[in-house]
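# Survey of secondary and tertiary structure
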Amino acid sequence: MRKIGVHTSIAGGLHLSLKRARDLGCNTMQIFTHSPRGWDVKKITDEESLKFYSLRVDLNISPIYVHASYLINLASGDKKLRKKSINLLITEIERADNIGADYVVLHPRSSSGDDKVVSRDRIITALKEVSQSGSWNVGLIIENTAGKRGEISSRILYLSEIINNVGKGFIQGICIDTCHAFASGYDIRSNKGIEQLVEEIKYYVGLDKFKLIHLNDSKSDIGSGIDRHENIGMGKIGSKGLKKFIKNSHFKDVPVILETPKKNEIDDLKNLMKVREMLHENVS
């Protein structure tokens, strides 16, 4: 069975995110382990960790992805911000490891107008520092970005440069966000565009390192560089394009997480239903 889930709320306790995922019929999920809006993070107690892990086993939800805080910016030229980012990423990894999650998903973030090579070197140096700070079971994966001004991870080549230069297998793979890929110029509405992406992943990273799909439609046009997620089938990629993408034979075993807009509780269910229908339909 294909692994399909959503980014799930931890309101009321980490373990409740698992119940919310199961109520939606999900067999995988993604969470923040704390508010992504703050630098100060409360420690996860042993009781919370055990409760989460036990319920996860009972509900058979796997893999579990923890999304790192959006405050983290390893590319920043501000030394204080970069150091805070390194420390928060270490905390994110430790927390994810503590609850038995499988992967932490990281946005490398923006160079803020600085030279992209210099900024990429900052990310590599920062991730090397993180990798030398401990040993964990949880894996780190990095996500492609939409390509707006200053972003340095919008192409597969750029992701591979970070992965290969950090070394020692610390970064275990990549996450491809369909909205980001489309906004950065990959025309994933067409078989040709998807095959271009497949070939780049094969050549630069390896399909075995493709660990997660963030399945989102896009409010903005191809190549816009604008990261604005839309509900499944309601954006510029459309149902046909998203269906072609998730049903591509090279991606058939890659878990899917939706990060679609959510105004009320039923929105996640509507988007999940659309994706499940896609998987049972023929590609036109």
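Residues numbered from 1 in each chain as written. Predicted model: local features only at pLDDT ≥ 70, side-chain atom pairs only at ≥ 80, totals over all residues. Heavy atoms only, no water.

With that settled, consider the sheet that holds strand β4 (residues 103–106). Consider a sheet: its strands pair through backbone hydrogen bonds, and that pairing is either parallel or antiparallel. Across the sheet, which stays open at both edges, the 8 strands sit in the order β1-β10-β7-β6-β5-β4-β3-β2 with parallel pairing between neighbours. Lying at the two open borders of the sheet, with one neighbouring strand each, are β1 (4–6) and β2 (29–31). Here the strands of the sheet are splayed against their neighbours by 30° on average, with no regard to which way each runs. Two strands pair when backbone bridges link them, and β2 and strand β3 (residues 64–67) are joined in this way by 3 bridges, in the parallel orientation. By the bridge assignment, I31 is partnered in β3 with V66. The strands touched by helix α3 (residues 79–98) within the sheet are β3, β4 and β5 (139–143), with β4 carrying the most contacts at an inclination of about 155°. (Pairing = 2+ DSSP bridges. Helix = DSSP H or I, 4+ residues; strand = E, 2+ residues; numbered from the N terminus. Axes fitted to C-alpha atoms, helices over the stretch in contact; angles between N-to-C directions. Contact = heavy atoms within 4.5 Å.)

For the rest of this paragraph, the subject is unusual backbone geometry. The omega angle of the peptide bond from S62 to P63 is -5°, so this bond is cis rather than trans. Relative to the helices and strands, P63 resides in the loop between α2 (46–59) and β3. Of note, N60 is a non-glycine position whose phi angle comes to about 55°, a positive value.

Applying the stated criterion across every chain, the model contains 6 aromatic pairs. Their ring planes at 50° and their centres at 6.5 Å tell us that W136 and F170 sit as a pair that is tilted. On the criterion of sequence distance, the pair formed by W136 in the loop between α4 (116–131) and β5 and F170 in the loop between α5 (156–166) and β6 (171–177) is long-range, its members being 34 residues apart. For the residue pair W136 and F170, the accessibility class agrees, reading buried in each case. Centre to centre, the rings of F210 and F251 are 5.1 Å apart; their planes meet at 85°, and the pair counts as edge-to-face. A residue pair is termed long-range when its members are at least 10 positions apart, and F210 in strand β7 (residues 210–215) and F251 in the loop between α8 (238–246) and β10 (256–258) qualify at 41 residues. Just as F210 is buried, F251 falls in that class too. Within the aromatic cluster, the residues linked to one another by ring pairs are F210, F245 and F251. (Phe/Tyr/Trp six-rings, centres within 6.5 Å; stacked < 30°, edge-to-face > 60°. Buried < 20%, exposed > 50% of the residue type's maximum accessible area, 1.4 Å probe, protein only.)

Moving on, we get to the side chain of S85. Its location among the elements puts S85 in helix α3. For S85, the contacting residues outside a window of four places in its chain are W39, L71, I72, N73 and L74.

Another point: α8. Residues separated by three or four positions in an α-helix point in the same direction, a consequence of the helix having 3.6 residues per turn. Most of α8 sits inside the fold, with 7 of its 9 residues counted as buried. All of the buried residues in α8 are G238, G241, L242, K243, K244, F245 and I246.

Moving on, we get to the pattern of salt bridges. Counted under the stated rule, the structure contains 10 salt bridges. Its salt-bridge partner being E199, residue K202 comes within 3.7 Å of it at the nearest N-O pair. A residue pair is termed a helical-turn pair when its members lie 3 or 4 positions apart in one helix, as K202 and E199 do in helix α7 (residues 191–205) at 3 residues. Under the relative-accessibility criterion, K202 is labelled partly exposed at 38%. Residue K262 is joined to D268 by a salt bridge in which the shortest nitrogen-to-oxygen separation is 3.1 Å. Classification of K262 by relative accessible area gives partly exposed; the value is 42%. Put simply, K262, E265 and D268 are held in one network by salt bridges that share partners. (Salt bridge = Lys/Arg side-chain N within 4 Å of Asp/Glu carboxyl O.)

Moving on: the environment of I222. Structurally, the position occupied by I222 is in the loop between β8 (217–218) and β9 (229–230). Spatially, the C-alpha atom of I222 lies 5.2 Å from that of F182, the residues being 40 residues apart in sequence. Not counting residues up to four positions away in its chain, the partners in contact with I222 are F182, A183, G185, Y186, D187 and R189.

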